[in-house]
Each structure stands twice: as C-alpha cells, then as structure tokens.
Amino acid sequence: MATVIPAEEKLSSRLDARAQLGALWRHPVLRAVMKAVLTILVATTITFALIRLLPGNPIDLRIDELTRNGNMTYEEARTQVMATYPIDLNEPIWRQYLTYVGNVLHGDLGSSYLSSTASVTAIILAVLPWTLFAVGTGLLLSFVVGIALGLLAAYRRGSAFDQIVSTLGSVISSVPNYLIALLI
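Worth saying up front: this structure is predicted, and the values here are computed from it rather than measured. (Residues numbered from 1 in each chain as written. Predicted model: local features only at pLDDT ≥ 70, side-chain atom pairs only at ≥ 80, totals over all residues. Heavy atoms only, no water.)

Break down the overall build of the chain for me, citing the residues and quoting the values.
A tally of helices and strands in the chain yields eight helices and zero strands. In summary, the chain has a C-alpha radius of gyration of 27 Å against a globular reference of 16 Å for 184 residues, an excess of more than 25%. The C-alpha extent of the chain, read off along each of the three principal axes, is 75 × 75 × 30 Å. Scored against the burial criterion, the 184 residues of the chain give a buried share of 10%. Partitioning the intrachain contacts of the chain with sequence separation of at least 6 by distance along the chain shows that 37% fall at a separation of at least 24. As presented, the chain carries roughly 15,000 Å² of accessible surface, and 69% of it is formed by carbon and sulfur atoms. Of note, the chain has its 13 positive side-chain charges centred 14 Å away from the centre of its 12 negative side-chain charges. (Helix = DSSP H or I, 4+ residues; strand = E, 2+ residues; numbered from the N terminus. Rg over C-alpha atoms; globule rule 2.2 N^0.38 Å. Buried < 20%, exposed > 50% of the residue type's maximum accessible area, 1.4 Å probe, protein only. Contact = heavy atoms within 4.5 Å. Areas by Shrake-Rupley, 256 points an atom, 1.4 Å probe, with all protein chains shown as cover. Lys, Arg positive; Asp, Glu negative; His and termini not counted. Charge placed at Lys NZ, Arg CZ, Asp CG, Glu CD.)

Which residues make up the side chain of Gln-96, and what values go with them?
Mapped onto the elements, Gln-96 comes out in helix H5 (residues 93-105). When its relative accessible area of 7% is taken as the criterion, Gln-96 is described as buried. A polar contact of 2.9 Å, which involves the side chain of Gln-96, links it to the backbone oxygen of Glu-91. If sequence neighbours within four positions are ignored, Gln-96 has contacts with Phe-48, Arg-52, Asp-88, Leu-89 and Glu-91. (Polar contact = N/O pair within 3.5 Å; in protein donor to acceptor, adjacent residues only side chain to side chain.)

Describe the nonpolar core, with residues and values.
Ile-59, Ile-63, Leu-66, Ala-77, Val-81 and Tyr-85 form the largest nonpolar core, which has six residues in total. Counting only elements with at least two residues in this core, the list comes to helix H3 (58-68) and helix H4 (74-84). Among the elements that take part in this core, H3 stands out by supplying three residues, more than any other. Residue contacts for Ala-77: discarding those within four places in its chain leaves Ile-63, Leu-66, Thr-67 and Met-72. (Core = buried A, V, L, I, M, F, W, Y, C linked by side-chain atoms within 4.5 Å.)

Lay out the packing of H3 against H4 with the relevant residues and their values.
Direction vectors running N to C along H3 and H4 enclose 135°, while the axes themselves pass 9 Å from each other. Here H3 is positioned oblique relative to H4, judged by the angle of their axes. The two elements H3 and H4 cross, and the hand of that crossing is right-handed. Along the contact surface, H3 presents Ile-59, Arg-62, Ile-63, Leu-66 and Thr-67, while H4 presents Tyr-74, Ala-77, Arg-78, Gln-80, Val-81 and Met-82. Split into classes, the residues belonging to the contact of H3 with H4 amount to seven nonpolar, two polar and two charged. (Axes fitted to C-alpha atoms, helices over the stretch in contact; angles between N-to-C directions. Parallel < 35°, antiparallel > 145°, perpendicular 65-115°, else oblique. Left-handed = near helix turned anticlockwise from the far one by under 90°. Nonpolar A, V, L, I, M, F, W, Y, C, P; charged D, E, K, R; others polar.)

Please provide a residue-by-residue account of the environment of Ile-40, values included.
Here Ile-40 is to be found in helix H2 (residues 28-53). Overall, Ile-40 belongs to the exposed group, its relative accessible area being 55%. Measuring from C-alpha to C-alpha, the distance between Ile-40 and Arg-156 comes to 44 Å, with 116 residues separating the pair along the chain.

Tell me what's going on with the packing of aromatic side chains, and back it up with residues and numbers.
Inspection of the entire model under this criterion finds three aromatic pairs. Centre to centre, the rings of Phe-48 and Tyr-97 are 5.3 Å apart; their planes meet at 70°, and the pair counts as edge-to-face. Of the two residues, Phe-48 is situated in helix H2 and Tyr-97 in helix H5; the sequence distance between them amounts to 49 residues. Here the two residues Phe-48 and Tyr-97 agree in accessibility, since each one is buried. Ring geometry for Phe-48 and Tyr-100: centres 5.4 Å apart, planes at 35°, overall tilted. (Phe/Tyr/Trp six-rings, centres within 6.5 Å; stacked < 30°, edge-to-face > 60°.)

Given below as structure tokens:
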C-alpha cells in the first residue's frame, strides 16, 4: 500500500534540501573547492573539444610522419602508433571524453607526441621542482616588494611617492601578467 505524502511536506523537504545546499555554498572553503572543480572540468572539456576540432588527428599525423621517413610501411607505423597512443577514434565522442577524464583523474596524461618513449606525467614531474622554485621566488619577491612599497606609500600619504606608487600599481595590475613577463 502506498502512503500519501501531503504536498506541504514534499515542498518543505525540497526547501530543506535547497537551504542545505545554500548553506554549503555560503561556506567559503567549500565554495572555493567547488569553483576549482568546476574550473578544472571546464578546462578539460574545452581542451578535449579543441583537440577534436582540429583537422586530422594525432594518430594519422604520426603514421604519416613515420612512413614519410621511408623506414616503415604503413602497417608497421600504424601498429607502433596504436601501441604508443591507445586512442580508439571509432568510439562515440562521449565515450572518448569519459575515457579521457578517467585517465586524467588517474594521473595518466598519455605519451608525449614529440618523445614517444616519455610519458607526459614524467615530463611534467621532471620540470615541476624548478617551476615551483621560480613561482615561489616570484611570489615571495612580489609580496615583500608590494608590502614594503605599500607601507612607505601609506607613511608618506599624499606625497609624490604615494602618487607614483599608486599609479604604477594600478598600471601594473591592469596589464596581463604574460605581457609584464615579456617586458621583463
């Protein structure tokens, strides 16, 4: 026998769930985590879509490259490439996407196109310490210089130094970071 639930109880249970989700969204750490996850999902989806929209595909390009050198037949090159890049382009696009996301979540970024013996993960891990060193040094330097200039500008409020530092800070913060890096 089915029990009948009044409409008011159904509505109140929906409102309670909505209130709980709203409370979660108001929590700053959870909101930051959810935004980060959404950003990563959007970035991987855009990357996947852009690669699929390019003319041709990496497998055919690599086969052509290996056969152009003249040291391999088409079948030998195809066998080598299919072993190196386990992508099934005959699968539906949604299944390819799910496989791609699953591989990324497992840390398997595939093989490098330029160096078929090295994995992308190994290449990234090889340069990661120097990247973290450079980024950490840059952040530390920008914090120290920014705080020092801000303190001096606040101490000499209204002076020419304050005006120069404020104007320079506004200009630098409005220019994209990659342009500043090129100029430096």
